[in-house]
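Chain by chain, the residues:
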Amino acid sequence: MYRAALHFRGPTLDATLLTLPDSASRAGVAGSALVDTGAAVSCIDRDAAERAGLSVVGKGRLGSATHSNEVVPIYAGRLRIQRFVDISLMSAYGANLQHQGLIALIGRDVLQEWTVFYNGPEGLVTLAR
C-alpha cells in the first residue's frame, strides 16, 4: 500500500470472505477489509455476506455514523487476509459497506487478539499475532 493510499483510504487489507470450515463450500467474496480501531464490533457487507453464503446467527442493534441504532443481521464466517491468515468472525454485524469499497470492517472485537502495525512512512498496515 502506498503512503497516499494509506492516508486517504485508511488501513485496508486484501481479504476474502468465506463460510466457516464446517459450512457448505463456496468460492468466497474477495475485496478490501478496513482495520477500524474506532469500531467496537466487526461488520460485514450484507451483499457480500449473502454472496459468500454466510449463515445468519442472530440480529442486533448497530449504531454508527451511518446507522442509527438499526436492527441488522449478525453473521458467522471467516475473513482470509492476504491469502494466508484466517480470522473467525463469529458475530459480525451486517452493514452496507459496498459504497465504501469494502467487504468487511475489522473492529476491536477481533483486534483485541492482534497487534496492528501502522507504518505511515512506508504506507503499510500489518496484523500480527
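All values reported here derive from a predicted model rather than from experimental measurement.

Conventions and cut-offs
- Throughout this description, residue numbers start from 1 for each chain and increase along the sequence as written.
- Per-residue local features are limited, in this predicted model, to residues with pLDDT of at least 70; the limit for side-chain atom pairs, both in listing and counting, is 80 or more; totals at the level of whole chains, interfaces and linings are taken over all residues.
- As a rule here, side-chain values cover all heavy atoms of the structure and leave hydrogens and water aside.
- Comment: elements are numbered from the N terminus, with helices defined as DSSP H or I runs of at least four residues and strands as E runs of at least two.
- To get the radius of gyration, use the C-alpha atoms; to get the globule rule, take the number of residues to the power 0.38 and multiply by 2.2 Å.
- Within this document, salt bridges are pairs made up of a side-chain nitrogen of Lys or Arg and a carboxyl oxygen of Asp or Glu, the two lying within 4 Å of each other.
- A simple rule labels every residue: compare its accessible area, found with a 1.4 Å probe on the protein chains alone, to the largest value its type can have, and call it buried under 20%, exposed over 50%, or partly exposed in between.
- Pairing between two strands is assigned when DSSP locates at least 2 bridges connecting them.

Caption draft 1: View of the overall build of the protein. A tally of regular secondary structure across the protein gives three helices and nine strands. Taken from the N to the C terminus, the helices and strands of the protein come in the order α-β-β-β-α-β-β-β-β-α-β-β. A compact globule built from 129 residues should have a C-alpha radius of gyration of about 14 Å, and the protein, at 14 Å, falls within 12% of that. Taking the principal axes of its C-alpha atoms as reference, the protein extends roughly 40 × 35 × 25 Å.

Caption draft 2: Spatial organisation of the pattern of salt bridges. Tallied over the full model, the rule gives four salt bridges. Here Arg46 makes a salt bridge to Glu70, at a shortest N to O gap of 3.0 Å. Placement of Arg46 in helix α2 (residues 46-52) and of Glu70 in strand β5 (residues 70-81) is noted, with a sequence separation of 24 residues between them. A relative accessible area of 23% places Arg46 in the partly exposed class. Residue Arg80 pairs with Asp86 through a salt bridge whose shortest N-O separation is 2.7 Å. One salt-bridge network, held together by shared partners, links Arg78, Arg80 and Asp86.

Caption draft 3: Representation of the pairing of β5 in the model. Counted residue by residue, β5 has nine buried out of twelve residues, so it is predominantly covered. In terms of strand pairing, strand β1 (residues 12-18) meets β5 through four bridges, oriented antiparallel. Paired with Leu17 across the bridge in β5 is Leu79. Two strands pair when backbone bridges link them, and strand β4 (residues 55-62) and β5 are joined in this way by seven bridges, in the antiparallel orientation. When the bridges of β5 are listed, Val56 appears paired with Tyr75. Of the pairings in the sheet, the one linking β5 to strand β6 (residues 85-95) comprises seven bridges and is antiparallel in character. Pairing of Gly77 across the sheet is with Leu89, part of β6.

The analysis is restricted to geometry; functional conclusions fall outside its scope.
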